[in-house]
Amino acid sequence: DAELRKALAASTSIVPDPATLVSINCLVAWYYLYHQQLKTGQRWLMKAFEVVERNDLQLTPPASNAVVAASTEPNEDTKELITTMSQLLFLDKAGEIVLNLPSITNDKFDQAVKDFPVSQYHQQA
């Protein structure tokens, strides 16, 4: 409960970057979903998705950055965004499958997961 209060305070006391705000909303959503407060958890997931849509966040880098070798390591900001978007998609799908909640994302995010480039290293692991 203390961590939840810290996350909420952080999201209101400063204006975090969009990826951080999505991550905070996901953390709060997870807390409520874990405690079986499904409607509240769903509302926090929807807040996270609203940030994604408002800022046009995507699971994959914009086309201008897409022309890189498949073995090139993404920069830290891109890694953070991928992690944050993956967290949101995971919570959404887990809520849909395990808790029978309606999905908050749309088909373009499902397609982005299918199209996500995987390095050869990860394919061999």
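Residues numbered from 1 in each chain as written. Predicted model: local features only at pLDDT ≥ 70, side-chain atom pairs only at ≥ 80, totals over all residues. Heavy atoms only, no water.

A. Seen up close, the pattern of salt bridges. Scanning the model with the defined rule gives two salt bridges in all. Taking the shortest distance from any N to any O, the salt bridge between Lys-79 and Glu-76 comes out at 3.3 Å. Linking Lys-79 with Glu-76, this pair stays in helix 4 (residues 76-98), spanning three residues, or about one helical turn. Exposure remark for Lys-79: the relative accessible area of 27% places this residue in the partly exposed category. Owing to a relative accessible area of 56%, Glu-76 belongs among the exposed residues under this scheme. Lys-93 is paired through a salt bridge with Glu-96; the nearest N and O atoms lie 3.5 Å apart. Of the two residues, Lys-93 and Glu-96 both sit in helix 4, three residues apart, roughly one turn of that helix. Overall, the relative accessible area of 25% leaves Lys-93 in the partly exposed class. With relative accessibility at 32%, the residue Glu-96 sits in the partly exposed group. (Salt bridge = Lys/Arg side-chain N within 4 Å of Asp/Glu carboxyl O. Helix = DSSP H or I, 4+ residues; strand = E, 2+ residues; numbered from the N terminus. Buried < 20%, exposed > 50% of the residue type's maximum accessible area, 1.4 Å probe, protein only.)

B. Focus on helix 4. Look at helix 4: 32 Å from first C-alpha to last across 23 residues, which is about the 33 Å you get at 1.5 Å a residue. Regarding helix 4, the residues found buried are Ile-82, Thr-84, Met-85, Leu-88, Leu-89, Leu-91, Asp-92 and Gly-95. Contact partners of the buried residues in helix 4: helix 2 (18-34), helix 3 (38-54) and helix 5 (107-115). Residue Asn-75 occupies the N-cap position of helix 4, its side-chain oxygen lying 3.1 Å from the main-chain nitrogen of Asp-77. (Expected span 1.5 Å × (residues − 1). Contact = heavy atoms within 4.5 Å. Polar contact = N/O pair within 3.5 Å; in protein donor to acceptor, adjacent residues only side chain to side chain.)

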